[in-house]
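Observations on chain architecture
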Amino acid sequence: MSGIVFFGCEDYESTAAFYVEEVGAEVWLEQSACTILRYDNLLFGFCASDETETDGVLTFVTEDRAGVDEFYERFADRARGEPEVNEAFDIYQFFATDPDGRKMEFQTFLHETDPI
């Protein structure tokens, strides 16, 4: 069994739609006041709330640098900077902001990792 990270949203349906239409996530499960999305092995959900939660970072991992660069082309207007190597973690990454103000990270590991 895997886990799910949830965020409360004032307009969870449009937030979920952004991640489906712009990021490429899939709807995994619709509930009465929540939408749970899947991006590869990441499950995350948005639920109706009086307040929008923006704490935390949603990190999307790509196979290689080209994948990060493709996301950058798509989200350059939302990016907090161009993709760069983060030597401390041996990754290639950039950060962007979703429509709610939540931080998104797009990265690839520059070293071998165990399969998930």
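Residues numbered from 1 in each chain as written. Predicted model: local features only at pLDDT ≥ 70, side-chain atom pairs only at ≥ 80, totals over all residues. Heavy atoms only, no water.

1. Comments concerning the pattern of salt bridges
Applying the stated criterion across every chain, the model contains three salt bridges. Across the pair Arg38 and Glu26 runs a salt bridge whose closest N-O atoms are separated by 2.7 Å. Taken as a pair, Arg38 in strand β3 (residues 34-39) and Glu26 in strand β2 (residues 26-30) lie far apart in primary sequence, twelve residues in all. For Arg38, a relative accessible area of 33% puts it in the partly exposed group. According to the relative accessible area criterion, Glu26 is partly exposed, its value standing at 42%. A salt bridge links Asp100 to Arg102; the nearest nitrogen and oxygen atoms lie 3.4 Å apart. (Salt bridge = Lys/Arg side-chain N within 4 Å of Asp/Glu carboxyl O. Helix = DSSP H or I, 4+ residues; strand = E, 2+ residues; numbered from the N terminus. Buried < 20%, exposed > 50% of the residue type's maximum accessible area, 1.4 Å probe, protein only.)

2. Brief notes about the nonpolar core
Tyr19, Val23, Phe44, Phe46, Phe60, Phe75 and Phe106 are the most contacted members of the largest nonpolar core, which has 22 residues in total. Elements supplying a minimum of two residues to this core: β1 (5-9), α1 (12-23), β3, β4 (42-48), β5 (57-61), α2 (65-75), β7 (91-97) and β8 (103-109). Ranked by the residues each element gives to this core, the list is headed by α1, at five residues. The residues contacting Val23, other than those within four sequence positions of it, are Phe18, Tyr39, Phe60, Phe71, Arg74, Phe75, Met104 and Phe106. (Core = buried A, V, L, I, M, F, W, Y, C linked by side-chain atoms within 4.5 Å. Contact = heavy atoms within 4.5 Å.)

3. Quick word on the packing of α1 against α2
Running from amino to carboxyl end, α1 crosses α2 at an angle of 120°, the nearest separation of the two axes being 11 Å. Put simply, α1 runs oblique to α2. For the pair α1 and α2, the contacting residues are Phe18, Glu22 and Val23 in the first and Phe71, Arg74 and Phe75 in the second. Its residues assigned to classes, the contact of α1 with α2 shows four nonpolar, no polar and two charged. (Axes fitted to C-alpha atoms, helices over the stretch in contact; angles between N-to-C directions. Parallel < 35°, antiparallel > 145°, perpendicular 65-115°, else oblique. Nonpolar A, V, L, I, M, F, W, Y, C, P; charged D, E, K, R; others polar.)

4. Quick word on the state of the cysteines
This model, assessed by the stated rule, comprises one disulfide. Each disulfide pairs two cysteine sulfurs, and for Cys34 the partner residue is Cys47, the sulfurs being separated by 1.9 Å. The sign of the 115° torsion about the S-S bond sets the Cys34-Cys47 disulfide as right-handed. Of the two residues, Cys34 sits in strand β3 while Cys47 sits in strand β4, which places them 13 residues apart along the sequence. Cys9 forms no disulfide, and the closest cysteine sulfur to it belongs to Cys47, at a distance of 8.0 Å. (Disulfide = S-S within 2.5 Å.)

Such coordinate-based values are descriptive only and should not be taken to indicate function.
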